[in-house]
Amino acid sequence: MIGLISATASGAAARDRLAAAWPGRTRVYEGPVRTAVERAFAECEQLVCFLATGAVVRLIAPLLEGKTADPGVVCVDEGQRYAVSLLGGHGGGANELAGRVADVLGCEPVVTTATDAADVPGLDTLGMPVEGAVAAVSRAVLDGEPVELRADAVWPLPPLPPNVGPDPAPVVLRVTDRLVAAEPRQAVLRPPSLVVGVGASLGAPLEEVLGLVEETLREAGLSALSVAELATVDAKAGEPGIVGAARALGVPLVTHSAERLAGVPVPNPSEAPLAAVGTPSVAEAAALAAGGELLVPKRKSSPAERAAMATCAVVRRRPRGRLAVVGLGPGARDLLTPRATDELRRASVLVGLDQYVDQILDLLRPGTRVLESGLGAEEERARTAVAEARAGRAVALIGSGDAGVYAMASPALAEASDDIDVVGVPGVTAALAAAAILGAPLGHDHVSISLSDLHTPWEVIERRVRAAAEADLIVTFYNPRSRGRHWQLAKALEILAEHRFPHTPVGVVRNASRPDESSRLTTLGGVDPASVDMMTVVTVGNTATREIAGRMVTPRGYRWQS
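Bear in mind the structure is a predicted one, so any value in this text is a computation, not a measurement.

**Q** I'd like a description of the overall build of the protein, backed by residues and values.
**A** Scanning the protein from terminus to terminus reveals 18 helices and 29 strands. Contacts in the protein between residues at least 24 apart in sequence constitute 66% of all its contacts with a sequence separation of at least 6. Charge separation in the protein, taken as the distance between the mean sites of 54 positive and 65 negative side-chain charges, equals 2 Å.

**Q** Got a sec to walk through empty space enclosed by the protein? Specific residues and values, please.
**A** Throughout the structure, instances matching the rule amount to one cavity of 30 Å³ or more. There is about 60 Å³ of room inside the largest cavity. Lining the largest cavity are 11 residues, with Val120, Pro121, Gly122, Leu123 and Val141 positioned closest to its centre. Classifying every residue of the lining of the largest cavity by side-chain character gives eight nonpolar, three polar and no charged.

**Q** Tell me about the sheet that holds strand 27 (residues 536-540), and please be specific about residues and values.
**A** The strand order 23-24-27-25-26 describes an open sheet built from five strands, whose pairing is mixed. This sheet does not close on itself; its edge strands, each paired only once, are strand 23 (446-450) and strand 26 (518-523). The sheet shows a mean angle of 20° between the axes of neighbouring strands, direction not considered. Of the pairings in the sheet, the one linking strand 25 (residues 505-510) to strand 27 comprises five bridges and is antiparallel in character. Residue pairing in the sheet places Val508 in a bridge with Val538 of strand 27. The strands that helix 16 (residues 430-438) touches are strand 23, strand 24 (474-478), strand 25, strand 26 and strand 27; relative to strand 25, the one it contacts most, it runs at about 115°. Contacts between helix 18 (residues 488-497) and the sheet are confined to strand 24 and strand 27, with strand 24 contributing the most and set at about 175° to the helix.

**Q** Residue-level account of the side chain of Arg322, with values.
**A** The residue Arg322 is located in strand 17 (residues 322-327) in this model. For Arg322, a relative accessible area of 18% puts it in the buried group. Side-chain polar atoms of Arg322 contact the side chain of Glu343, separated by 2.7 Å. Arg322 has contacts with Pro156, Glu343, Arg346, Ala389, Arg393, Ala394, Val395, Asp421 and Val423, leaving out every residue within four places of it along the chain.

**Q** Break down helix 1 (residues 9-21) for me, with residues and values.
**A** A rise of 1.5 Å per residue sets the reference length of helix 1, with its 13 residues, at 18 Å; its end C-alpha atoms lie 18 Å apart and thus fit the reference within 8%. Turning to helix 1, its buried residues are Gly11, Ala12, Ala14, Arg15 and Leu18. Each buried residue of helix 1 lies within a common arc of 165° when the element is viewed along its axis, so the set occupies one face. What points out from helix 1, more than 90 degrees from its buried face, is the exposed set Ala9 and Ala20. Buried residues in helix 1 make contact with strand 1 (2-6), strand 2 (26-28), strand 3 (46-50) and helix 4 (94-105).

**Q** Hey, could you go over the side chain of Ser281 for me, with residue numbers and the actual values?
**A** Locating Ser281 in the fold gives a position in the loop between helix 10 (271-277) and helix 11 (283-288). Residue classification places Ser281 among the buried residues on the basis of a relative accessible area of 5%. Contacts of Ser281, omitting those with residues within four sequence positions, involve Leu261, Val266 and Pro273.

Reading the values: the criteria
Residues numbered from 1 in each chain as written. Predicted model: local features only at pLDDT ≥ 70, side-chain atom pairs only at ≥ 80, totals over all residues. Heavy atoms only, no water. Helix = DSSP H or I, 4+ residues; strand = E, 2+ residues; numbered from the N terminus. Contact = heavy atoms within 4.5 Å. Lys, Arg positive; Asp, Glu negative; His and termini not counted. Charge placed at Lys NZ, Arg CZ, Asp CG, Glu CD. 1 Å grid on protein atoms, 1.4 Å probe; cavity = no way out; pocket = protein on both sides within 12 Å on 5 of 7 lines; lining within 4 Å. Points joined across faces, edges and corners; volume = space filled by probe spheres on them. Nonpolar A, V, L, I, M, F, W, Y, C, P; charged D, E, K, R; others polar. Pairing = 2+ DSSP bridges. Axes fitted to C-alpha atoms, helices over the stretch in contact; angles between N-to-C directions. Buried < 20%, exposed > 50% of the residue type's maximum accessible area, 1.4 Å probe, protein only. Polar contact = N/O pair within 3.5 Å; in protein donor to acceptor, adjacent residues only side chain to side chain. Expected span 1.5 Å × (residues − 1). Arc of directions from axis to C-beta.

Written out as C-alpha coordinates, the structure reads:
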(Lines give C-alpha, C1' and ligand atoms only; values in the text may rest on other atoms or scores of the structure.)
Protein backbone atom coordinates (compact mmCIF):
# COMPACT_ATOMS: atom_id res chain seq x y z
CA MET A 1 0.00 0.00 0.00
CA ILE A 2 1.20 3.53 -0.83
CA GLY A 3 0.42 6.17 1.79
CA LEU A 4 -0.39 9.69 0.54
CA ILE A 5 0.14 12.70 2.80
CA SER A 6 -0.41 16.38 1.95
CA ALA A 7 -0.60 19.67 3.87
CA THR A 8 -1.97 22.18 1.34
CA ALA A 9 -4.81 22.44 -1.17
CA SER A 10 -2.35 22.15 -4.05
CA GLY A 11 -0.78 19.07 -2.51
CA ALA A 12 -4.20 17.54 -1.89
CA ALA A 13 -5.15 18.04 -5.55
CA ALA A 14 -2.00 16.25 -6.72
CA ARG A 15 -2.53 13.60 -4.05
CA ASP A 16 -6.04 12.95 -5.35
CA ARG A 17 -4.69 12.60 -8.91
CA LEU A 18 -2.39 9.82 -7.74
CA ALA A 19 -5.19 8.14 -5.81
CA ALA A 20 -7.41 8.20 -8.91
CA ALA A 21 -4.59 6.85 -11.12
CA TRP A 22 -3.83 3.95 -8.75
CA PRO A 23 -7.18 2.74 -7.38
CA GLY A 24 -6.89 0.18 -4.61
CA ARG A 25 -3.14 0.75 -4.22
CA THR A 26 -3.14 3.98 -2.20
CA ARG A 27 -4.43 5.21 1.15
CA VAL A 28 -4.94 8.89 1.95
CA TYR A 29 -3.86 9.95 5.44
CA GLU A 30 -5.71 12.99 6.77
CA GLY A 31 -5.23 15.00 9.95
CA PRO A 32 -2.10 16.58 11.46
CA VAL A 33 0.86 15.97 9.19
CA ARG A 34 3.14 14.52 11.87
CA THR A 35 0.52 11.99 12.95
CA ALA A 36 -0.30 11.14 9.32
CA VAL A 37 3.36 10.49 8.49
CA GLU A 38 3.86 8.33 11.59
CA ARG A 39 0.80 6.21 10.80
CA ALA A 40 1.67 5.83 7.12
CA PHE A 41 5.30 4.98 7.93
CA ALA A 42 4.13 2.13 10.17
CA GLU A 43 1.35 0.84 7.91
CA CYS A 44 2.53 1.25 4.29
CA GLU A 45 5.28 -0.16 2.08
CA GLN A 46 5.76 3.25 0.44
CA LEU A 47 4.88 6.89 1.07
CA VAL A 48 4.38 9.89 -1.20
CA CYS A 49 4.58 13.13 0.78
CA PHE A 50 3.48 16.38 -0.85
CA LEU A 51 5.78 18.32 1.44
CA ALA A 52 9.23 19.91 1.44
CA THR A 53 12.07 17.41 1.69
CA GLY A 54 13.46 19.13 4.80
CA ALA A 55 10.12 18.78 6.57
CA VAL A 56 9.86 15.12 5.66
CA VAL A 57 13.44 14.46 6.84
CA ARG A 58 12.60 15.90 10.26
CA LEU A 59 9.33 13.96 10.46
CA ILE A 60 10.73 10.54 9.54
CA ALA A 61 14.12 10.79 11.28
CA PRO A 62 12.84 9.40 14.63
CA LEU A 63 11.04 6.56 12.77
CA LEU A 64 14.01 5.07 10.90
CA GLU A 65 14.94 1.46 11.67
CA GLY A 66 17.19 0.39 8.78
CA LYS A 67 17.31 0.07 5.00
CA THR A 68 15.76 -3.40 5.02
CA ALA A 69 12.79 -2.33 7.17
CA ASP A 70 12.01 1.27 6.23
CA PRO A 71 9.41 2.05 3.55
CA GLY A 72 10.31 3.92 0.38
CA VAL A 73 9.58 7.63 0.65
CA VAL A 74 9.07 10.08 -2.24
CA CYS A 75 8.61 13.85 -1.81
CA VAL A 76 6.74 16.04 -4.29
CA ASP A 77 7.20 19.82 -4.09
CA GLU A 78 4.36 22.33 -3.88
CA GLY A 79 4.56 23.18 -7.58
CA GLN A 80 4.64 19.52 -8.64
CA ARG A 81 7.90 20.08 -10.49
CA TYR A 82 9.90 17.24 -8.92
CA ALA A 83 9.33 13.77 -7.43
CA VAL A 84 12.32 13.19 -5.15
CA SER A 85 13.33 9.69 -4.06
CA LEU A 86 14.21 10.46 -0.45
CA LEU A 87 14.43 7.14 1.39
CA GLY A 88 14.60 3.45 0.41
CA GLY A 89 15.63 4.04 -3.18
CA HIS A 90 16.26 0.36 -3.90
CA GLY A 91 15.01 -1.68 -0.95
CA GLY A 92 11.88 0.40 -0.52
CA GLY A 93 11.33 0.93 -4.25
CA ALA A 94 11.39 4.72 -3.96
CA ASN A 95 13.47 5.22 -7.12
CA GLU A 96 10.94 3.35 -9.22
CA LEU A 97 8.05 5.02 -7.38
CA ALA A 98 9.49 8.47 -8.13
CA GLY A 99 9.40 7.63 -11.83
CA ARG A 100 5.82 6.42 -11.66
CA VAL A 101 4.72 9.50 -9.71
CA ALA A 102 6.43 11.66 -12.33
CA ASP A 103 4.57 9.85 -15.11
CA VAL A 104 1.20 10.63 -13.51
CA LEU A 105 1.89 14.22 -12.45
CA GLY A 106 4.08 15.25 -15.39
CA CYS A 107 7.01 16.23 -13.17
CA GLU A 108 10.70 15.32 -13.14
CA PRO A 109 11.91 12.30 -11.10
CA VAL A 110 14.96 13.02 -8.97
CA VAL A 111 17.08 9.97 -8.09
CA THR A 112 20.43 10.47 -6.39
CA THR A 113 21.39 6.84 -5.76
CA ALA A 114 24.91 6.47 -7.16
CA THR A 115 24.27 3.26 -9.09
CA ASP A 116 21.17 4.70 -10.75
CA ALA A 117 22.99 7.90 -11.66
CA ALA A 118 25.74 5.81 -13.30
CA ASP A 119 23.18 3.45 -14.91
CA VAL A 120 24.70 0.49 -13.05
CA PRO A 121 22.42 -2.01 -11.30
CA GLY A 122 22.76 -1.83 -7.53
CA LEU A 123 23.73 -5.06 -5.80
CA ASP A 124 20.40 -4.94 -3.94
CA THR A 125 18.48 -4.75 -7.24
CA LEU A 126 19.82 -7.96 -8.80
CA GLY A 127 16.86 -10.03 -7.67
CA MET A 128 18.76 -11.96 -4.97
CA PRO A 129 19.44 -11.33 -1.27
CA VAL A 130 22.87 -9.81 -0.80
CA GLU A 131 25.08 -9.70 2.29
CA GLY A 132 28.67 -8.98 3.24
CA ALA A 133 30.65 -5.90 2.25
CA VAL A 134 27.91 -4.52 0.01
CA ALA A 135 28.98 -0.87 0.28
CA ALA A 136 32.66 -1.62 -0.45
CA VAL A 137 31.90 -3.79 -3.47
CA SER A 138 29.32 -1.33 -4.81
CA ARG A 139 31.89 1.45 -4.53
CA ALA A 140 34.44 -0.62 -6.46
CA VAL A 141 31.89 -1.35 -9.20
CA LEU A 142 31.08 2.35 -9.52
CA ASP A 143 34.74 3.41 -9.47
CA GLY A 144 35.61 1.05 -12.31
CA GLU A 145 37.88 -1.01 -10.08
CA PRO A 146 38.29 -4.65 -11.17
CA VAL A 147 35.70 -6.84 -9.43
CA GLU A 148 35.81 -10.62 -9.64
CA LEU A 149 32.47 -12.30 -10.28
CA ARG A 150 32.86 -15.70 -8.64
CA ALA A 151 29.75 -17.82 -9.20
CA ASP A 152 29.03 -21.48 -8.45
CA ALA A 153 26.71 -21.55 -11.48
CA VAL A 154 25.35 -19.21 -14.15
CA TRP A 155 22.29 -17.33 -12.89
CA PRO A 156 20.15 -14.89 -14.93
CA LEU A 157 21.66 -11.69 -13.58
CA PRO A 158 21.12 -8.30 -15.22
CA PRO A 159 24.06 -6.91 -17.22
CA LEU A 160 27.05 -5.93 -15.12
CA PRO A 161 29.60 -3.28 -16.17
CA PRO A 162 32.80 -4.36 -17.97
CA ASN A 163 34.94 -4.09 -14.81
CA VAL A 164 32.99 -7.00 -13.28
CA GLY A 165 34.14 -10.35 -14.66
CA PRO A 166 35.70 -13.75 -14.00
CA ASP A 167 39.30 -12.59 -13.68
CA PRO A 168 40.75 -12.74 -10.13
CA ALA A 169 40.64 -9.41 -8.29
CA PRO A 170 40.94 -8.12 -4.70
CA VAL A 171 37.25 -7.19 -4.73
CA VAL A 172 34.86 -10.14 -5.07
CA LEU A 173 31.18 -10.49 -5.86
CA ARG A 174 30.24 -14.09 -5.05
CA VAL A 175 27.11 -15.91 -6.14
CA THR A 176 26.70 -18.97 -3.94
CA ASP A 177 24.28 -20.75 -1.63
CA ARG A 178 27.15 -21.87 0.62
CA LEU A 179 28.10 -20.25 3.89
CA VAL A 180 31.40 -18.43 3.35
CA ALA A 181 33.76 -16.60 5.65
CA ALA A 182 33.23 -12.84 5.80
CA GLU A 183 35.89 -10.83 3.97
CA PRO A 184 36.30 -7.04 4.01
CA ARG A 185 35.91 -6.65 0.23
CA GLN A 186 33.48 -9.42 -0.63
CA ALA A 187 29.73 -9.27 -1.14
CA VAL A 188 27.66 -12.43 -1.48
CA LEU A 189 24.57 -12.83 -3.63
CA ARG A 190 22.29 -15.66 -2.53
CA PRO A 191 20.67 -17.39 -5.51
CA PRO A 192 17.29 -19.15 -5.03
CA SER A 193 18.86 -22.58 -5.42
CA LEU A 194 17.65 -24.63 -2.45
CA VAL A 195 14.39 -26.51 -2.00
CA VAL A 196 13.72 -27.87 1.48
CA GLY A 197 11.29 -30.77 1.68
CA VAL A 198 9.47 -30.99 4.99
CA GLY A 199 7.34 -33.66 6.67
CA ALA A 200 5.62 -33.31 10.03
CA SER A 201 3.33 -35.21 12.33
CA LEU A 202 -0.04 -33.72 13.21
CA GLY A 203 0.49 -30.80 15.58
CA ALA A 204 4.27 -30.59 15.15
CA PRO A 205 5.38 -27.33 16.86
CA LEU A 206 6.70 -24.48 14.71
CA GLU A 207 9.86 -24.37 16.81
CA GLU A 208 10.60 -27.99 16.02
CA VAL A 209 10.00 -27.69 12.27
CA LEU A 210 11.83 -24.38 11.85
CA GLY A 211 14.64 -25.42 14.18
CA LEU A 212 15.21 -28.62 12.20
CA VAL A 213 15.36 -26.73 8.89
CA GLU A 214 17.75 -24.07 10.19
CA GLU A 215 20.00 -26.61 11.91
CA THR A 216 20.10 -28.83 8.81
CA LEU A 217 21.08 -25.92 6.56
CA ARG A 218 23.72 -24.67 8.99
CA GLU A 219 25.35 -28.07 9.45
CA ALA A 220 25.39 -28.58 5.66
CA GLY A 221 27.11 -25.22 5.22
CA LEU A 222 24.15 -23.73 3.33
CA SER A 223 22.57 -20.29 3.59
CA ALA A 224 18.91 -19.97 4.55
CA LEU A 225 18.79 -16.92 2.24
CA SER A 226 19.10 -19.29 -0.74
CA VAL A 227 16.00 -21.30 0.19
CA ALA A 228 13.57 -20.79 -2.68
CA GLU A 229 10.66 -22.78 -1.25
CA LEU A 230 9.51 -25.25 1.35
CA ALA A 231 7.81 -28.29 -0.14
CA THR A 232 5.54 -30.93 1.34
CA VAL A 233 2.60 -33.20 0.57
CA ASP A 234 -0.89 -31.78 -0.05
CA ALA A 235 -2.19 -33.37 3.15
CA LYS A 236 0.17 -31.12 5.16
CA ALA A 237 -0.68 -27.88 3.35
CA GLY A 238 -2.38 -26.47 6.45
CA GLU A 239 -0.09 -27.91 9.12
CA PRO A 240 0.68 -24.87 11.36
CA GLY A 241 4.29 -25.82 12.04
CA ILE A 242 5.10 -26.15 8.33
CA VAL A 243 3.11 -23.05 7.33
CA GLY A 244 4.80 -21.05 10.08
CA ALA A 245 8.26 -22.23 9.06
CA ALA A 246 7.71 -21.10 5.47
CA ARG A 247 6.48 -17.74 6.74
CA ALA A 248 9.46 -17.35 9.06
CA LEU A 249 11.87 -18.09 6.21
CA GLY A 250 9.96 -15.75 3.89
CA VAL A 251 9.47 -18.38 1.17
CA PRO A 252 6.40 -19.96 -0.47
CA LEU A 253 5.06 -23.31 0.65
CA VAL A 254 4.66 -25.64 -2.35
CA THR A 255 2.62 -28.81 -2.01
CA HIS A 256 2.39 -31.94 -4.15
CA SER A 257 -0.12 -34.75 -4.30
CA ALA A 258 0.72 -38.01 -2.56
CA GLU A 259 0.42 -39.74 -5.92
CA ARG A 260 3.06 -37.45 -7.44
CA LEU A 261 5.45 -37.90 -4.52
CA ALA A 262 4.99 -41.67 -4.54
CA GLY A 263 6.42 -41.69 -8.08
CA VAL A 264 9.62 -39.84 -7.10
CA PRO A 265 12.58 -42.23 -6.50
CA VAL A 266 14.13 -41.55 -3.07
CA PRO A 267 17.00 -43.16 -1.13
CA ASN A 268 15.09 -43.49 2.15
CA PRO A 269 11.46 -44.61 1.71
CA SER A 270 9.44 -45.40 4.82
CA GLU A 271 6.27 -47.25 5.74
CA ALA A 272 5.14 -44.59 8.22
CA PRO A 273 4.33 -41.78 5.73
CA LEU A 274 2.92 -44.34 3.31
CA ALA A 275 0.37 -45.35 5.92
CA ALA A 276 -0.29 -41.77 7.05
CA VAL A 277 -0.52 -39.80 3.79
CA GLY A 278 -0.18 -42.31 0.94
CA THR A 279 3.44 -41.86 -0.12
CA PRO A 280 6.60 -43.64 1.14
CA SER A 281 8.46 -40.32 1.27
CA VAL A 282 7.44 -36.76 2.03
CA ALA A 283 10.58 -34.72 2.81
CA GLU A 284 12.91 -36.25 0.21
CA ALA A 285 10.27 -36.68 -2.49
CA ALA A 286 8.89 -33.17 -2.04
CA ALA A 287 12.38 -31.67 -2.29
CA LEU A 288 13.28 -33.79 -5.33
CA ALA A 289 9.99 -33.07 -7.11
CA ALA A 290 11.48 -29.79 -8.35
CA GLY A 291 14.44 -31.65 -9.85
CA GLY A 292 18.04 -31.28 -8.83
CA GLU A 293 20.68 -32.82 -6.58
CA LEU A 294 19.89 -34.21 -3.13
CA LEU A 295 22.38 -32.45 -0.84
CA VAL A 296 20.96 -33.57 2.51
CA PRO A 297 18.99 -36.83 2.78
CA LYS A 298 16.06 -37.08 5.16
CA ARG A 299 16.83 -35.94 8.70
CA LYS A 300 14.62 -36.16 11.75
CA SER A 301 14.26 -33.64 14.53
CA SER A 302 15.59 -34.69 17.92
CA PRO A 303 13.48 -33.20 20.71
CA ALA A 304 14.30 -34.24 24.25
CA GLU A 305 12.25 -37.01 25.85
CA ARG A 306 9.81 -37.66 22.99
CA ALA A 307 9.67 -38.95 19.44
CA ALA A 308 10.57 -36.77 16.49
CA MET A 309 7.66 -34.95 14.83
CA ALA A 310 9.46 -33.35 11.84
CA THR A 311 11.68 -34.41 8.95
CA CYS A 312 13.44 -32.44 6.24
CA ALA A 313 15.69 -32.90 3.21
CA VAL A 314 17.52 -30.38 1.03
CA VAL A 315 17.90 -30.33 -2.75
CA ARG A 316 19.92 -27.94 -4.87
CA ARG A 317 17.97 -27.26 -8.03
CA ARG A 318 19.59 -26.35 -11.30
CA PRO A 319 19.68 -22.66 -12.27
CA ARG A 320 16.96 -21.69 -14.72
CA GLY A 321 17.68 -19.14 -17.40
CA ARG A 322 15.13 -16.49 -18.26
CA LEU A 323 13.75 -15.65 -21.70
CA ALA A 324 11.66 -12.50 -22.04
CA VAL A 325 9.88 -12.24 -25.39
CA VAL A 326 9.37 -8.50 -25.77
CA GLY A 327 7.06 -6.61 -28.10
CA LEU A 328 8.49 -3.19 -28.97
CA GLY A 329 5.25 -1.74 -30.33
CA PRO A 330 4.82 -0.12 -33.73
CA GLY A 331 7.88 2.13 -33.50
CA ALA A 332 7.07 5.26 -31.49
CA ARG A 333 9.00 5.38 -28.21
CA ASP A 334 5.95 6.45 -26.22
CA LEU A 335 4.14 3.29 -27.37
CA LEU A 336 6.88 1.09 -25.91
CA THR A 337 5.43 -0.14 -22.61
CA PRO A 338 7.20 0.44 -19.27
CA ARG A 339 7.26 -3.32 -18.76
CA ALA A 340 9.07 -3.77 -22.06
CA THR A 341 11.63 -1.14 -21.04
CA ASP A 342 12.19 -2.89 -17.71
CA GLU A 343 12.80 -6.22 -19.44
CA LEU A 344 15.25 -4.66 -21.91
CA ARG A 345 17.23 -3.21 -19.02
CA ARG A 346 17.08 -6.47 -17.05
CA ALA A 347 18.49 -8.63 -19.86
CA SER A 348 22.20 -9.39 -20.04
CA VAL A 349 21.72 -10.70 -23.60
CA LEU A 350 19.57 -9.05 -26.28
CA VAL A 351 18.62 -10.97 -29.44
CA GLY A 352 16.83 -9.30 -32.33
CA LEU A 353 16.54 -8.10 -35.89
CA ASP A 354 19.20 -5.47 -36.55
CA GLN A 355 16.75 -2.67 -37.41
CA TYR A 356 14.74 -3.30 -34.22
CA VAL A 357 17.92 -3.40 -32.12
CA ASP A 358 18.81 0.05 -33.46
CA GLN A 359 15.52 1.42 -32.13
CA ILE A 360 16.23 0.58 -28.49
CA LEU A 361 20.05 0.52 -28.14
CA ASP A 362 19.93 3.63 -25.95
CA LEU A 363 17.74 1.83 -23.40
CA LEU A 364 20.17 -1.01 -22.73
CA ARG A 365 22.41 -1.04 -19.69
CA PRO A 366 26.18 -0.97 -20.22
CA GLY A 367 27.47 -4.51 -20.49
CA THR A 368 24.47 -5.91 -22.36
CA ARG A 369 25.59 -8.38 -25.04
CA VAL A 370 23.76 -7.75 -28.32
CA LEU A 371 23.22 -10.57 -30.84
CA GLU A 372 21.59 -9.18 -33.99
CA SER A 373 20.88 -10.56 -37.44
CA GLY A 374 19.07 -9.57 -40.61
CA LEU A 375 15.76 -10.34 -42.26
CA GLY A 376 14.97 -13.99 -42.84
CA ALA A 377 16.89 -15.30 -39.82
CA GLU A 378 13.89 -15.68 -37.52
CA GLU A 379 14.46 -19.36 -36.66
CA GLU A 380 18.15 -18.72 -36.06
CA ARG A 381 17.34 -15.86 -33.67
CA ALA A 382 14.84 -18.06 -31.82
CA ARG A 383 17.39 -20.85 -31.42
CA THR A 384 20.05 -18.41 -30.28
CA ALA A 385 17.79 -16.81 -27.66
CA VAL A 386 16.69 -20.16 -26.24
CA ALA A 387 20.28 -21.46 -26.16
CA GLU A 388 21.44 -18.38 -24.24
CA ALA A 389 18.60 -18.83 -21.74
CA ARG A 390 19.45 -22.52 -21.36
CA ALA A 391 22.96 -21.42 -20.45
CA GLY A 392 21.43 -19.66 -17.45
CA ARG A 393 21.37 -16.09 -18.73
CA ALA A 394 18.71 -13.39 -18.71
CA VAL A 395 17.72 -12.96 -22.36
CA ALA A 396 15.41 -10.53 -24.14
CA LEU A 397 14.19 -11.57 -27.59
CA ILE A 398 12.60 -8.59 -29.32
CA GLY A 399 10.04 -8.19 -32.07
CA SER A 400 8.04 -5.28 -33.42
CA GLY A 401 4.42 -4.75 -32.42
CA ASP A 402 3.46 -7.64 -30.19
CA ALA A 403 6.07 -10.40 -30.21
CA GLY A 404 3.30 -12.99 -30.39
CA VAL A 405 1.69 -11.58 -33.56
CA TYR A 406 3.59 -12.52 -36.75
CA ALA A 407 6.77 -12.18 -34.71
CA MET A 408 9.32 -14.02 -32.58
CA ALA A 409 7.26 -15.60 -29.79
CA SER A 410 6.03 -18.54 -31.89
CA PRO A 411 9.42 -19.78 -33.16
CA ALA A 412 11.01 -19.19 -29.76
CA LEU A 413 8.39 -21.08 -27.78
CA ALA A 414 8.38 -23.88 -30.33
CA GLU A 415 12.12 -24.21 -29.61
CA ALA A 416 11.93 -23.81 -25.82
CA SER A 417 11.16 -26.60 -23.36
CA ASP A 418 10.27 -26.38 -19.68
CA ASP A 419 13.90 -26.03 -18.56
CA ILE A 420 13.82 -22.21 -18.77
CA ASP A 421 11.50 -19.50 -17.47
CA VAL A 422 9.64 -17.64 -20.21
CA VAL A 423 8.06 -14.21 -19.79
CA GLY A 424 5.84 -12.63 -22.43
CA VAL A 425 5.69 -8.84 -22.67
CA PRO A 426 2.79 -7.61 -24.81
CA GLY A 427 3.19 -4.77 -27.27
CA VAL A 428 0.96 -2.49 -29.32
CA THR A 429 0.41 -4.18 -32.69
CA ALA A 430 0.51 -2.50 -36.09
CA ALA A 431 -3.20 -3.28 -36.48
CA LEU A 432 -4.02 -1.46 -33.25
CA ALA A 433 -1.77 1.48 -34.05
CA ALA A 434 -3.33 1.82 -37.49
CA ALA A 435 -6.85 1.48 -36.07
CA ALA A 436 -6.23 4.32 -33.62
CA ILE A 437 -5.15 6.55 -36.53
CA LEU A 438 -8.14 5.60 -38.68
CA GLY A 439 -10.75 6.02 -35.94
CA ALA A 440 -12.54 2.94 -34.63
CA PRO A 441 -12.55 0.36 -37.42
CA LEU A 442 -12.15 -2.64 -35.09
CA GLY A 443 -15.25 -1.92 -33.03
CA HIS A 444 -16.67 -5.39 -33.67
CA ASP A 445 -15.33 -8.85 -34.54
CA HIS A 446 -12.16 -8.66 -36.58
CA VAL A 447 -9.30 -10.77 -37.89
CA SER A 448 -5.71 -10.20 -38.98
CA ILE A 449 -4.39 -12.04 -42.05
CA SER A 450 -0.86 -11.97 -43.42
CA LEU A 451 -0.69 -12.04 -47.20
CA SER A 452 2.91 -13.26 -47.22
CA ASP A 453 3.11 -16.74 -48.73
CA LEU A 454 6.75 -17.29 -47.73
CA HIS A 455 5.69 -19.56 -44.87
CA THR A 456 2.01 -20.19 -45.64
CA PRO A 457 0.78 -21.53 -49.00
CA TRP A 458 -1.42 -19.09 -50.92
CA GLU A 459 -4.21 -21.67 -51.03
CA VAL A 460 -4.43 -21.56 -47.24
CA ILE A 461 -4.33 -17.77 -47.16
CA GLU A 462 -7.08 -17.53 -49.79
CA ARG A 463 -9.26 -19.94 -47.84
CA ARG A 464 -8.92 -17.77 -44.73
CA VAL A 465 -9.73 -14.59 -46.66
CA ARG A 466 -12.89 -16.23 -48.07
CA ALA A 467 -13.93 -17.37 -44.60
CA ALA A 468 -13.48 -13.83 -43.22
CA ALA A 469 -15.42 -12.41 -46.17
CA GLU A 470 -18.32 -14.81 -45.70
CA ALA A 471 -18.37 -14.21 -41.93
CA ASP A 472 -18.49 -10.42 -42.43
CA LEU A 473 -15.40 -9.89 -40.27
CA ILE A 474 -13.35 -6.70 -40.37
CA VAL A 475 -9.99 -7.66 -41.88
CA THR A 476 -6.55 -6.16 -41.31
CA PHE A 477 -4.00 -7.29 -43.88
CA TYR A 478 -0.36 -7.55 -42.77
CA ASN A 479 2.50 -7.87 -45.31
CA PRO A 480 0.08 -6.83 -48.05
CA ARG A 481 2.44 -6.23 -50.95
CA SER A 482 6.14 -6.29 -51.82
CA ARG A 483 8.20 -6.07 -54.99
CA GLY A 484 8.17 -9.86 -55.26
CA ARG A 485 4.54 -10.29 -54.22
CA HIS A 486 2.50 -7.76 -56.15
CA TRP A 487 -0.78 -9.53 -56.87
CA GLN A 488 -1.96 -11.04 -53.56
CA LEU A 489 -3.56 -7.89 -52.14
CA ALA A 490 -5.59 -7.30 -55.29
CA LYS A 491 -6.81 -10.90 -55.17
CA ALA A 492 -7.76 -10.64 -51.47
CA LEU A 493 -9.70 -7.43 -52.09
CA GLU A 494 -11.45 -9.08 -55.01
CA ILE A 495 -12.61 -11.91 -52.71
CA LEU A 496 -13.91 -9.43 -50.12
CA ALA A 497 -15.73 -7.50 -52.86
CA GLU A 498 -17.82 -10.58 -53.56
CA HIS A 499 -19.48 -10.08 -50.14
CA ARG A 500 -19.24 -6.30 -49.51
CA PHE A 501 -20.37 -3.11 -51.19
CA PRO A 502 -17.92 -1.02 -53.24
CA HIS A 503 -18.39 1.88 -50.77
CA THR A 504 -17.15 -0.25 -47.82
CA PRO A 505 -14.53 1.87 -46.01
CA VAL A 506 -10.89 0.80 -46.31
CA GLY A 507 -8.08 2.35 -44.25
CA VAL A 508 -4.49 2.37 -45.49
CA VAL A 509 -1.81 3.26 -42.93
CA ARG A 510 1.92 3.29 -43.58
CA ASN A 511 4.55 3.37 -40.80
CA ALA A 512 1.95 3.81 -38.06
CA SER A 513 3.27 5.93 -35.15
CA ARG A 514 6.62 6.65 -36.83
CA PRO A 515 7.85 10.06 -37.98
CA ASP A 516 6.97 9.37 -41.64
CA GLU A 517 3.51 8.03 -40.82
CA SER A 518 0.84 8.45 -43.49
CA SER A 519 -2.77 7.34 -43.72
CA ARG A 520 -5.75 7.64 -45.98
CA LEU A 521 -9.34 6.51 -45.95
CA THR A 522 -10.71 5.12 -49.19
CA THR A 523 -13.23 2.46 -50.26
CA LEU A 524 -13.17 -1.13 -51.35
CA GLY A 525 -13.98 -0.01 -54.88
CA GLY A 526 -11.39 2.77 -54.88
CA VAL A 527 -8.34 1.37 -53.12
CA ASP A 528 -5.23 1.12 -55.30
CA PRO A 529 -3.09 -1.93 -54.40
CA ALA A 530 -0.12 -0.40 -56.21
CA SER A 531 0.07 2.33 -53.54
CA VAL A 532 0.69 -0.24 -50.78
CA ASP A 533 3.99 -1.73 -49.59
CA MET A 534 5.34 -3.94 -46.78
CA MET A 535 5.36 -1.04 -44.31
CA THR A 536 1.59 -0.68 -44.71
CA VAL A 537 -1.40 -2.30 -43.06
CA VAL A 538 -4.74 -2.31 -44.86
CA THR A 539 -7.97 -2.49 -42.84
CA VAL A 540 -11.18 -3.39 -44.66
CA GLY A 541 -14.46 -2.74 -42.83
CA ASN A 542 -17.44 -5.06 -42.62
CA THR A 543 -20.93 -4.32 -43.95
CA ALA A 544 -21.68 -2.14 -40.90
CA THR A 545 -18.52 -0.01 -41.07
CA ARG A 546 -19.09 3.65 -41.98
CA GLU A 547 -17.09 6.79 -42.61
CA ILE A 548 -18.16 9.38 -40.05
CA ALA A 549 -16.54 12.84 -40.03
CA GLY A 550 -13.57 11.50 -41.95
CA ARG A 551 -13.06 8.58 -39.59
CA MET A 552 -13.56 4.85 -40.09
CA VAL A 553 -16.09 3.57 -37.54
CA THR A 554 -17.54 0.10 -36.98
CA PRO A 555 -20.46 0.13 -34.49
CA ARG A 556 -20.29 -2.28 -31.56
CA GLY A 557 -23.79 -3.46 -32.34
CA TYR A 558 -25.78 -1.78 -29.58
CA ARG A 559 -29.45 -2.06 -30.37
CA TRP A 560 -30.03 1.65 -29.97
CA GLN A 561 -27.59 2.25 -32.82
CA SER A 562 -29.47 0.09 -35.27
